[in-house]
Amino acid sequence: MAAPTDTTVLGDLHIRKDAEGVISLSGELAELLVQARSGYAWRASSSTSQQRIIDLERDTHERIESLNDEKAHWIIQQVSRWGGNRGSASPKIDHASPAEKREFAGLIQALLSPRSFEKALSGLSAKPGLDLVIATKVYRFCWPEGGAAVDRHSSYFFNSLDLMDADGKRTKCCQFRRQWDGKRTRAGPTSRLAIYDPGGRGRDANLREYAHCYLPLLSAVAASLNGLGLTFTCAATGAKKGWRSADIEMAAYQWWSRNGPR
């Protein structure tokens with residue numbers, strides 16, 4: 001049973017698409033994204049969290065420049081740890097065989113090509129210790145200009161956010177499949193992005209949604225904010241920065257993790 005989309009928590013915040021398909025944001029949504037991205041934090045303070053991302057982007061880029069099997073394995077390990085992949089998953093990645101490390105290198109190379117990134121994501125998500133969520137995080141660090149992660153919070157945000165066409169008709173921005181994870185809080189059961197189902201359809205459907213809806217949408221939203229001259233403040237450096245797809249995802253994650261239902 002899929003977890004419901006929340007249709008009220010975002011109020012009247014929405015994205016507009018005109019008759020030519022050009023994306024623009026309501027003023028309130030633009031402000032929300034700026035504030036949420038500036039305050040982004042994951043398992044630490046905003047400044048520490050954002051410095052860790054800067055460092056991991058740099059270190060990943062350096063290894064991709066001269067990629068080999070061991071460097072590919074390092075990227076998978078470090079992004080997986082950054083993404084909170086724990087429990088039984090970590091040993092499976094840490095103790096990858098030479099053949100698996102070779103596959104990691106090939107898949108990372110394939111991630112960098114628009115023609116093969118979707119197939120590479122599918123391959124990564126099927127590896128021991130990985131799943132679609134972690135695979136998108138790997139993509140995010142391998143190509144931070146155009147890649148972006150998707151997880152429980154960001155998928156809920158865009159599943160709940162309205163997209164209004166030129167005639168005023170509203171639909172939801174994304175249609176990621178979700179599933180109950182068996183855990184309960186005081187507010188009720190929690191849900192997660194559907195990683196798999198018995199036939200594998202949930203993961204495949206979400207991979208298509210990620211590649212063909214989510215990524216183009218985030219790219220368009222980033223372009224809209226940059227076109228308006230809006231920036232966010234990096235908590236690690238204090239610098240004003242322009243937007244990438246990954247920054248839109250980080251803003252959505254930050255806001256929903258603090259304000260949205262689980």
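Scope of this entry: the structure provided in the associated data block. (Residues numbered from 1 in each chain as written. Predicted model: local features only at pLDDT ≥ 70, side-chain atom pairs only at ≥ 80, totals over all residues. Heavy atoms only, no water.)

**Side note on the nonpolar core**
If you look at the biggest cluster of nonpolar residues, it comprises 71 residues, and the most contacted ones within it are Leu-33, Phe-157, Phe-158 and Tyr-214. In terms of residues, this core owes the most to one element, helix α9 (residues 201-227), which gives 10 residues. Not counting residues up to four positions away in its chain, the partners in contact with Phe-157 are Leu-10, Leu-29, Leu-32, Leu-33, Ala-252, Trp-255 and Trp-256. (Core = buried A, V, L, I, M, F, W, Y, C linked by side-chain atoms within 4.5 Å. Buried < 20%, exposed > 50% of the residue type's maximum accessible area, 1.4 Å probe, protein only. Helix = DSSP H or I, 4+ residues; strand = E, 2+ residues; numbered from the N terminus. Contact = heavy atoms within 4.5 Å.)

**Overview of helix α3 (residues 69-82)**
Here α3 is 14 residues long and its end C-alpha atoms lie 20 Å apart, about the 20 Å a rise of 1.5 Å per residue gives. Along α3, the positions that sit buried rather than exposed are Ala-72, His-73, Ile-75, Ile-76, Gln-77, Val-79, Ser-80 and Trp-82. In this structure, the buried side of α3 is in contact with α2 (46-65), α4 (89-94), α5 (98-111), α6 (117-125) and α7 (132-142). Capping of α3 at its N-terminal end is provided by Asn-68; its side-chain oxygen lies 3.1 Å from the backbone amide nitrogen of Glu-70. Gly-84 sits one or two residues past α3 and shows a positive phi near 85°. (Expected span 1.5 Å × (residues − 1). Polar contact = N/O pair within 3.5 Å; in protein donor to acceptor, adjacent residues only side chain to side chain.)

**Looking at the pattern of salt bridges**
For the coordinates displayed, the defined rule picks out 14 salt bridges. One salt bridge connects Lys-172 with Asp-162, and the closest N-O pair in it is separated by 2.6 Å. Remark: Asp-162 occurs in strand β3 (residues 162-164) and Lys-172 occurs in strand β4 (residues 170-172); sequence separation between them is 10 residues. Overall, Lys-172 belongs to the partly exposed group, its relative accessible area being 21%. The network of salt bridges with shared partners includes Arg-37, Glu-57, Arg-140, Arg-244 and Asp-247. (Salt bridge = Lys/Arg side-chain N within 4 Å of Asp/Glu carboxyl O.)

**Some remarks on the environment of Ser-90**
In this structure, Ser-90 sits in helix α4. Taking the C-alpha atoms as reference, Ser-90 lies 6.4 Å from Gly-129; in sequence the two are 39 residues apart.

**Brief notes about helix α10 (residues 245-259)**
The end-to-end C-alpha separation of α10 is 21 Å, in line with the 21 Å expected for 15 residues at 1.5 Å each. Burial of α10 is extensive: 13 of the 15 residues sit out of reach of the surface.

**Describing unusual backbone geometry**
Phi is positive for Arg-43, close to 60°, though the residue is something other than glycine. Relative to the elements of secondary structure, Arg-43 occurs in the loop between α1 (27-38) and α2. Residue classification places Arg-43 among the exposed residues on the basis of a relative accessible area of 58%.

**Structural notes on the packing of aromatic side chains**
Taken as a whole and assessed by the stated rule, the structure comprises 14 aromatic pairs. The interplanar angle of 45° and the centroid separation of 6.2 Å between the aromatic rings of Tyr-139 and Trp-143 together place this pair among those described as tilted. Residue Tyr-139 is classed as buried on the basis of its relative accessible area of 3%. By relative accessible area, Trp-143 is classed as partly exposed at 42%. (Phe/Tyr/Trp six-rings, centres within 6.5 Å; stacked < 30°, edge-to-face > 60°.)

**What to know about the packing of α5 against α6**
One can describe the packing of α5 onto α6 by two numbers: an axis separation of 7 Å at closest approach and a directional angle of 150°. Here α5 and α6 pass one another in a crossing that is left-handed. Taken together, the residues of α6 that come into contact with α5 (itself represented by Phe-104, Leu-107, Ala-110 and Leu-111) are Phe-117, Ala-120, Leu-121, Gly-123 and Leu-124. Its residues assigned to classes, the contact of α5 with α6 shows 8 nonpolar, 1 polar and no charged. (Axes fitted to C-alpha atoms, helices over the stretch in contact; angles between N-to-C directions. Left-handed = near helix turned anticlockwise from the far one by under 90°. Nonpolar A, V, L, I, M, F, W, Y, C, P; charged D, E, K, R; others polar.)

It is worth stressing that arrangement in space is one thing and function is another; only the former is reported here.
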